[in-house]
Amino acid sequence: MPVLSCHLCRSPGPFRTRSHPFLQCPSCGLIFREPRPTREDLEKFYRDSWKRFDDEDAFREKSLGVAGKFLDQLSKVSKKGRFLDVGCGGGFYLLAAHQRGWESYGVDLVPPFDYSDKKIQIFEGTLEEAHFPSGFFDACLMSHTLSHLLEPRQTLREAHRILDRQGILCVVVPKGFRQSESSLVKEFHLYLFNKKTARQLISESGFEIFEEGLTEKNSLKNFIRKLFPGSAMIFWARKGA
């Protein structure tokens, strides 16, 4: 049986039980789910989840509106080119990017919709399995994705490889236990980050964070607060050396 260690700092513990099935590392503070679900468990969960939204036009319209506002802001900090959404789900950010002249690509374990007729390419699987060329993308979004990944460090490092030298990464993550325990378990969160652990993981993956948090002083941060009210942290980063 493999020895359990922290997925961020590799500490062997002993780990504090937060609320079943979550443990917390005493060294870095990362909260993680143990045991973790299998990939098959995750695929079934997402497949079943998307069935709820197949016929909800209001959900689609609202999501596309939010995505469009985000892309308008992204264009202020990134040159327009190739856009990648990791964990693209319904593809609303991809549609918004396509409408604004970006070349749109998505990755998801179980993409619910097919946008090939709009020349939007969605890869079914993990980012590592997609094998995109190095330096291929100008911007990458991971919105409420990082805490659901089986191997978030590997995925971030792959994002670093496939981003252009001036590429921009945007990561949005929920704030730890501010949601209810039942929601966290039900939604298959594998990791619960605080500001310190999220920043550490992003930085150790090669990125240089230039904006973070949800303060009112910066218009970009203030805008993100309106999109993800109350329970999310936002990190904007550039590809480091």
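Placed above this text is the structure.
Here's what I pulled together on the structure shown here. (Residues numbered from 1 in each chain as written. Predicted model: local features only at pLDDT ≥ 70, side-chain atom pairs only at ≥ 80, totals over all residues. Heavy atoms only, no water.)

**Comments concerning the nonpolar core**
And step 1. Ranked by size, the top nonpolar core spans 44 residues in total, and within it Leu84, Phe132, Met142, Leu146, Leu169, Phe193 and Ile202 carry the most contacts.
And step 2. No other element matches the four residues that strand S8 (residues 163-174) contributes to this core.
And step 3. Judged by nonpolar contacts, the second largest core, of 25 residues, contains Ala67, Ile120, Cys170 and Val172. (Core = buried A, V, L, I, M, F, W, Y, C linked by side-chain atoms within 4.5 Å. Buried < 20%, exposed > 50% of the residue type's maximum accessible area, 1.4 Å probe, protein only. Helix = DSSP H or I, 4+ residues; strand = E, 2+ residues; numbered from the N terminus.)

**Describing the pattern of salt bridges**
And step 1. This structure, assessed with the given rule, holds twelve salt bridges.
And step 2. As a salt-bridge pair, lysine 79 and aspartate 138 come within 3.5 Å of each other at their nearest N and O atoms. Placement of lysine 79 in the loop between helix H2 (57-77) and strand S4 (82-86) and of aspartate 138 in strand S7 (residues 137-143) is noted, with a sequence separation of 59 residues between them.
And step 3. Of the residues examined, aspartate 138 reaches a relative accessible area of 11% and is grouped as buried. (Salt bridge = Lys/Arg side-chain N within 4 Å of Asp/Glu carboxyl O.)

**A few points about the side chain of glutamate 158**
And step 1. Mapped onto the fold, glutamate 158 is located in helix H5 (residues 152-162).
And step 2. By relative accessible area, glutamate 158 is classed as buried at 12%.

**Details of unusual backbone geometry**
And step 1. For the bond running from glycine 13 to proline 14, omega is 5°, close enough to zero to count as cis.
And step 2. Along the polypeptide, proline 14 turns up in the segment before strand S1 (16-19).
And step 3. At the junction of glutamate 34 and proline 35, the peptide bond is cis and its omega measures out at 0° in the coordinates.
And step 4. Assignment of secondary structure puts proline 35 in the loop between strand S3 (31-33) and helix H1 (39-50).
And step 5. The residue arginine 10 is not glycine, and still its phi comes out positive at about 70°.
And step 6. Relative to the assigned elements, arginine 10 resides in the segment before S1.
And step 7. In this model, histidine 144 sits at a positive phi of 50°, which is unusual for a non-glycine residue.

**Comments concerning the pairing of S8**
And step 1. In terms of burial, S8 is a largely internal element, nine of the twelve residues being buried.
And step 2. Strand direction decides the pairing type here: S7 and S8, joined by six bridges, are parallel. Counterpart to leucine 141 in the pairing with S8 is cysteine 170.
And step 3. Since S7 and S8 lie parallel, the crossover through H5 that links them has a hand, and here it is right-handed.
And step 4. Bridge count between S8 and strand S11 (residues 232-239): seven bridges; the pairing is antiparallel. Bridged to cysteine 170 within S11 is tryptophan 236. (Pairing = 2+ DSSP bridges. Right-handed = clockwise from strand over helix to strand, strands pointing away.)

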